[in-house]
Amino acid sequence: MADLRDPVVVQVLWQRLISVTNEQAAALIRTAFTPIVRDAEDLSAAVFDRGGRMIAQSVTGTPGHINSMATGMKHFLAAYPPDTLRPGDVLMTNDPWQTSGHLLDLTIATPVFARGALVGFFANTCHALDIGGRPMSADADDVHEEGLYIPIMKLYEDGRPNDSLFRIIEANTRAPAPVLGDIHAQVACNEVGARSLLALMGEFGLDSLDALSATIVRRSEQALRRAIAALPDGEYAAETTADGLDAPIRIRTRVAIAGDTVTVDYTGSSDQDRRGINVPLNYTEAYTTFAIKAAISPEVPNNDGSFRPVRVIAPAGCILNAQPPAPVAARAIVGHFLPGTIFRALGAAAGPRAMAAGADSVCLISVHGGAAAGPFTYTFFCLGGMGARAGKDGLSTTGFPSGVAGTPAEVTETLAPIVIHRRELRADSGGPGRHRGGSGQTIELSVRTGRGYGIAATADRTHSPAEGVDGGQPGAPARTVLDSGEALNFKQTQQVPPGQRVILELAGGGGFGDPRTRDPEAVRRDVLNGLVSLEAARSDYGVVIRRSASDREMVVLPDDFVVDQAATSALRATGRGSRDPAGAPRSGPSGGS
Amino acid sequence: MGVDIGGTFTDLLLVDDRAKRIVIEKGLTTYPDPTEGVMAVVLQATKRAEMPLGDIEVLVHGTTLAINTLIERTGSSTALFATRGHRDAIEIRREQRYDMYDVLLEAPDPLAPRYLRFDIEERMTADGEVAVPLDREQVAGLLRRLEQRGVQALAVCLLHSYRNPAHELAIADIARDAAPALRISLSSRVAPEIKEYERASTTLCNAYVQAKVDDYLTRLERELVRSGFRGAFYLMQSSGGLVTTATARQFPVRILESGPAGGALAAANAGRLTGRNRLLSFDMGGTTAKLAAINDGEPLVAPGFEVARVYRFARGSGLPVRIPVIEMIEIGAGGGSIARVDQLGLIRVGPESAGAQPGPACYGRGGTSPTVTDADLLLGYLDPAYFLGGHMPLATEPARRAVAEHIARPLGMDVVHAAWGIHRIVNENMANAARVHLVERGTDPREYAVFAFGGAGPVHAYGVAALLGAPAIVVPPGAGVASAVGFLTAAPAFEFVHGWYTRLHAVDWTRVNGFLGEMEMQGRDLLAGAGVAGAAIDVRRACDIRYEGQGSDVTVPIPPGMLSAGHVADIQHAFEQRYRELYGRTVPASGLEVVNWRVTVRGPQPAFRVSPAAPRRGPASAAQKGSRPAYFGDAHGLIDTAVFDRYQLAAGTAVEGPAIIEERESTIVVGPGGRAWVDESLNVVVDLPPRLTEAPAGGEHDGRPT
């Protein structure tokens with residue numbers, strides 16, 4: 001028997017378990033059909049002990065998948081207690097309230113047996129290409145309109161496929177071949193994991209995972225509790241407003257740190273919505289535990305132990321604890337705001353990992369229309385700026401907490417008759433601060449069909465900008481207009497006349513710390529690079545910069561900009577040049593340089 | 001002659017065909033001008049070989065100069081021209097974080113700062129048609145001004161130039177008059193593939209390092225010629241093919257990974273010579289370990305990679321380069337990797353490294369953090385008096401103090417056990433990375449013998465092989481100059497790519513035949529210029545295909561000769577076969593699309609056997625230097641272990657483990673149950689005992705490196 005008192009043995013076994021889940025994930029990526037799984041690695045894979053506690057996960061996976069799967073395993077065990085499980089069984093569900101929050105995510109769990117006894121489970125969650133209903137749309141009135149609803153069921157029993165279930169799925173999806181293909185891949189990758197796990201147990205003489213699981217969970221829990229205990233006790237609160245689809249959505253967060261536990265309370269947030277942007281509690285919990293871990297202790301591996309010190313409260317019927325049969329298909333639109341709000345609530349208390357709010361949401365652009373070659377529909381993502389960190393500027397055009405990627409203009413233009421006229425960093429969009437928020441971007445597009453076209457874009461934060469922290473200023477809010485200057489709400493599909501262009505300016509991240517304490521050299525660099533205007537350098541940062549090159553100079557170099565030290569000191573000493581208190585919205589000038 | 005410049009050493013291997021002998025030379029890499037170090041080893045080697053430099057027929061060279069220029073950001077002041085509205089693609093990147101939990105992550109600064117990135121008035125459509133003509137006046141004015149203001153290099157990356165390069169070519173044309181001193185790299189020539197961020201990044205890397213590489217090669221060639229060199233001079237490419245200095249000057253981005261490519265080629269050569277069709281090339285140095293799969297004597301080639309990662313070796317934190325490269329994984333595990341106790345109360349090793357300064361504690365240069373090398377010393381694997389052949393004595397006490405203070409005491413264990421923990425865990429890290437890498441490629445890790453080199457490779461190969469269930473490890477002679485060995489096994493080769501997106505069932509074959517033929521002709525001309533006869537030239541063509549709408553493509557070979565619609569079925573079949581190998585299945589009823597077309601033109605590959613002077617045949621005992629206690633896990637404890645001098649082990653001799661076999665640049669560790677023997681090419685081969693999959697009940701199995 002492996003001696004679990006020896007930290008070397010524990011570390012070896014632990015790393016090996018993580019490696020087993022990476023093999024499981026690699027097998028899934030290798031065999032899945034759907035590009036979203038293959039290319040975006042939008043999947044999660046993990047191993048659980050026989051009590052349904054997650055002990056290790058693969059490196060891939062978004063919090064919405066992995067953490068909700070981790071808490072979801074107890075539902076599998078409730079539906080199928082150990083004495084009802086046999087080797088060759090495979091369980092499945094897409095219950096939004098038990099797993100990852102909408103019907104499109106399929107979770108498949110496989111019990112593992114050693115010498116006839118249940119030792120644990122492998123499970124994975126993947127986004128299905130289609131599950132019937134109104135996929136990836138917030139238009140449904142209730143969850144039943146959103147597609148096929150599969151309660152926890154046996155997909156395989158004793159090694160035999162459940163033909164009835166397979167046929168029902170096949171009949172209810174618009175894309176049966178890839179969807180069933182992905183399900184087979186999900187089943188197979190759990191088998192790969194199980195094989196490696198059994199080999200590992202054999203190699204180390206383990207009959208059960210219980211002792212190892214207890215060690216891993218205990219060490220992780222203790223590490224996270226120690227990290228929490230190191231923070232000052234107190235209540236930290238923040239509030240933000242997302243655009244929502246029809247009406248603004250308020251998200252109110254109170255983070256209470258007491259000793260070695262954290263309670264995150266969302267009481268006071270908006271009620272659940274008519275549109276499908278509601279969030280089941282398990283998805284709320286998933287992004288909450290993610291944020292706490294990222295803010296406090298990213299080094300602690302993600303497992304059952306790292307969830308335990310965190311308690312989540314959201315009253316039933318609030319948008320963050322939506323009750324069935326509320327529509328939930330687009331739950332990410334609201335759910336993505338949670339981590340940023342928690343980070344902002346903690347503020348400087350989070351230490352080096354403290355971070356201002358960012359654009360938070362993903363902008364999903366969907367363009368459709370007619371063309372000589374037939375009608376087209378094309379969908380792609382683009383991202384705004386991240387919040388500034390306590391010690392670093394925010395990252396420009398980078399998603400947080402989402403992990404999706406943007407699309408190169410050349411790819412968009414090749415696959416659809418769209419022209420991306422502009423895709424550039426948006427000047428003066430990063431919130432001023434000692435550390436500047438990340439820049440958003442400006443996308444300007446039209447079609448080359450010569451006809452009108454339809455477009456919808458979920459660019460959020462048009463009303464409420466990404467807030468700063470610790471004296472940092474908010475980033476510029478998003479703005480969505482036609483090139484004629486007409487402002488439109490693209491969260492509803494808009495018809496654009498032929499020849500007109502759509503301009504989407506995505507939000508910048510909030511700043512961190514008083515902008516008047518920013519290193520003037522950093523401000524000068526931002527001015528040189530056209531990310532901050534000369535006027536904003538003066539008014540936002542209190543830094544006076546002289547441009548020595550003529551206005552007609554095409555090539556400006558660092559030496560062409562000089563900080564006027566005396567004027568800067570004087571300006572900063574008067575306190576003029578600072579903006580209104582943090583939180584006031586500011587509208588940045590439009591991009592371009 | 002093969003010459004490889006590394007971070008610390010410049011290695012040389014001279015093969016004298018007539019006298020049937022080799023000369024190995026090693027000298028310090030010189031800064032800032034590596035020419036001195038190269039000339040020093042070259043002249044030393046020819047002197048020792050008693051051969052005038054004029055007798056050297058071929059010199060193959062690899063250098064870290066280009067990649068270090070990117071890592072250290074010491075290249076030219078570089079501007080970028082982009083289509084109006086798209087100059088920020090290089091900074092917008094992929095809009096994605098590369099680490100889910102770490103909010104402190106960083107993005108690399110673009111090689112061209114924003115103030116040197118310019119919107120150019122022009123536009124191509126995705127079909128390659130001119131939508132907005134090039135504003136030649138704007139371009140001429142900008143070019144003149146750039147040159148006047150001292151900007152040294154320019155990368156041009158216009159949208160869809162992979163489809164129609166006319167505007168990029170026009171800019172180069174205008175520059176000949178307007179800015180003759182500006183070095184210009186065109187994306188349509190450097191990396192003509194779709195995706196503007198990756199293409200611009202590649203083009204910028206090329207422009208940024210070009211002056212340094214060009215100046216260096218000019219100096220080196222001049223020095224070589226002055227010393228009498230009259231042979232052919234090639235550079236090693238990242239892909240494993242050779243190019244002339246003229247090509248390397250034009251496309252220096254192709255030689256970024258020349259050293260690692262050489263190592264993988266040495267492994268491939270050994271695979272061919274020893275008939276092992278599954279080898280894992282394992283190069284463990286001071287800060288990282290590089291692993292590459294060699295199947296059937298050929299390394300895998302990937303269409304791109306990433307350089308100069310800015311954050312903890314993390315994938316995604318570097319600059320993308322779309323240039324063929326021998327596929328490798330690199331992880332932060334090396335002799336200098338630092339061990340610490342993490343907040344879970346467990347030992348973590350790397351990716352932070354003590355580097356060469358201050359280095360491991362045992363270097364005695366003031367390092368106080370425990371490293372892998374310190375652990376290896378305390379376990380008895382390294383001889384403190386024979387490190388680097390005795391050139392660098394190691395100090396045991398500082399190593400013991402570092403391990404005791406930072407690992408053993410906090411964890412309540414003795415120093416040897418703590419050292420064993422460090423050794424074991426770094427092995428686990430490497431084995432786990434290798435296992436997942438091989439599983440991703442659909443192969444079985446247990447089939448791969450481990451080909452070990454680099455300073456720390458042979459020390460750790462046995463442990464890593466045991467963890468992978470590998471049958472054997474192979475340590476080549478001259479493991480310290482493996483890259484230089486690999487250089488001499490490479491063929492001259494040129495790779496071309498043409499980005500031309502089309503559905504497979506609607507290909508304009510006339511167009512495709514046109515540019516395939518053009519690429520082949522260019523390659524043949526270049527090879528002819530390098531003295532390769534037409535009949536000896538091997539042409540391979542391939543295309544990158546994917547299912548319609550999928551993001552990642554698969555490179556598959558396409559048939560020779562003129563292509564027509566009649567070849568579609570063959571190409572589709574080849575795609576499905578490759579796809580099935582990679583992903584286990586195919587997608588029924590999905591259309592295919594081709595993204596890129598590729599041509600590789602290669603000269604003949606020299607078969608090459610390194611045969612250092614063989615020691616006289618004799619029993620292994622004659623090669624034994626002595627013995628010392630070494631630790632092989634709890635089950636064995638400290639065992640008095642025989643130490644052998646590799647240079648005295650003749651072909652055919654065998655040694656039973658546990659054993660330690662020392663050579664100047666490294667030390668081969670053989671665990672209990674292993675059996676080492678020397679093959680005809682003087683490789684040390686260690687066969688591992690069959691893997692135990694069931695541990696005996698109550699056995700102390702965890703203590704063994706199996």
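Heads up: the structure comes first, above all this text.
It should be emphasised that the depicted structure is a prediction, and the values quoted were computed from it without experimental measurement.

Novice: It is not clear to me how the interface of chain A and chain B should be interpreted in this structure. Could you clarify?
Specialist: One frequently used descriptor of interface size is the decrease in accessible area upon assembly of the parts. Of the residues lining the interface, 75 residues belong to chain A; the matching set on chain B comes to 71 residues. If one sorts the elements of the side of chain A that touches chain B by residue count, helix H1 (residues 7-31) of chain A sits on top with 14 residues. By residue class, the composition of the side of chain A that touches chain B is 36 nonpolar, 19 polar and 20 charged.

Novice: Looking at this model, I keep getting lost on the sheet that holds strand S29 (residues 624-631) of chain B. Mind explaining?
Specialist: Within a sheet, each strand pairs with its neighbour through backbone hydrogen bonds, oriented either parallel or antiparallel. Residue and element names in this part refer to chain B. Spatially, S29-S30-S32-S33 is the arrangement adopted by the four strands of the open sheet, whose pairing is mixed. Two strands in the sheet have a free side with no partner beyond their single neighbour: S29 and strand S33 (667-670). Neighbour to neighbour, the strand axes of the sheet diverge by 25° on average, direction disregarded. Taken together, the four bridges between strand S32 (residues 659-662) and S33 define a ladder with antiparallel strand orientation. Bridge pairing links Ile660 to Val669 in S33.

Novice: What is the right way to read the pairing of strand S3 (residues 90-93) of chain A from this model?
Specialist: The side chains of a regular strand alternate, first on one face of the sheet and then on the other. All names here are of chain A. The side-chain alternation of S3 yields two buried faces, one formed by Val90 and Met92 and the other by Leu91 and Thr93. Examined bridge by bridge, S3 and strand S6 (residues 153-157) share three bridges and lie antiparallel to one another. Looking across to S6, one finds that Leu91 is bridged to Lys154. By the bridge criterion, three bridges tie S3 to strand S4 (residues 105-114) in an arrangement that is antiparallel. In the strand pairing of S4, Leu91 is matched with Ala109.

Novice: Just checking my understanding: could you explain helix H9 (residues 258-274) of chain B for this structure?
Specialist: One turn of an α-helix holds 3.6 residues; hence residues three or four places apart share an orientation. For H9(B), built from 17 residues, the straight-helix expectation of 24 Å at 1.5 Å per residue is met to within 8% by its first-to-last C-alpha distance of 24 Å. Taken across its 17 residues, H9(B) has 15 buried, putting it largely inside the fold.

Novice: How do you make sense of the packing of helix H4 (residues 136-148) of chain B against helix H5 (residues 166-178) of chain B when you look at a structure like this?
Specialist: The description of two helices packed together rests on the angle between their axes and the distance between the axes. All names here are of chain B. Here H4 crosses H5 at 50°, and the two axes come no closer than 9 Å. Taken together, the axes of H4 and H5 lie oblique to each other. Where H4 crosses over H5, the two elements pack in a sense that is right-handed. On H5, the residues touching Arg136, Val139, Ala140, Leu143 and Arg144 of H4 are Ala170, Ile171, Ile174, Ala175 and Ala178. Residue composition of the contact of H4 with H5, by class: eight nonpolar, no polar and two charged.

Novice: What is the right way to look at the sheet that holds strand S2 (residues 9-16) of chain B in this model?
Specialist: Residues and elements named next belong to chain B. What the six strands build is an open sheet, ordered S3-S2-S1-S4-S11-S12; its pairing is mixed. Of all strands in the sheet, those bounded by a partner on one side alone are strand S3 (21-28) and strand S12 (242-244). Each neighbouring strand pair of the sheet contributes to a mean axis angle of 25°, computed without reference to strand direction. Across four bridges, the pairing between strand S4 (residues 58-63) and strand S11 (residues 232-236) is parallel. Bridged to Val60 within S11 is Tyr234.

Novice: Help me understand H5(B) in this model?
Specialist: All names here are of chain B. With 13 residues, H5 should cover 18 Å at 1.5 Å per step; its first-to-last C-alpha distance of 18 Å lies within 8% of that length. Those residues of H5 that sit buried are His167, Glu168, Ile171 and Ala175. Buried residues along H5 cover an arc of 100° about the axis, so they all sit on one side. Opposite the buried face of H5, by more than 90 degrees, sit the exposed residues Asp173, Arg176 and Asp177. As for H5, its buried residues are in contact with strand S5 (78-83), strand S7 (123-124), H4, strand S9 (153-157), strand S10 (183-186) and helix H6 (187-190).

Calculation notes
Residues numbered from 1 in each chain as written. Chains lettered and ligands numbered in written order. Predicted model: local features only at pLDDT ≥ 70, side-chain atom pairs only at ≥ 80, totals over all residues. Contact = placed C-beta atoms within 7 Å. Helix = DSSP H or I, 4+ residues; strand = E, 2+ residues; numbered from the N terminus. Nonpolar A, V, L, I, M, F, W, Y, C, P; charged D, E, K, R; others polar. Pairing = 2+ DSSP bridges. Axes fitted to C-alpha atoms, helices over the stretch in contact; angles between N-to-C directions. Buried ≥ 20, exposed ≤ 12 C-beta atoms within 10 Å, placed from the backbone. Expected span 1.5 Å × (residues − 1). Parallel < 35°, antiparallel > 145°, perpendicular 65-115°, else oblique. Left-handed = near helix turned anticlockwise from the far one by under 90°. Arc of directions from axis to C-beta.

Limitation: the analysis is restricted to geometry and does not speak to function.
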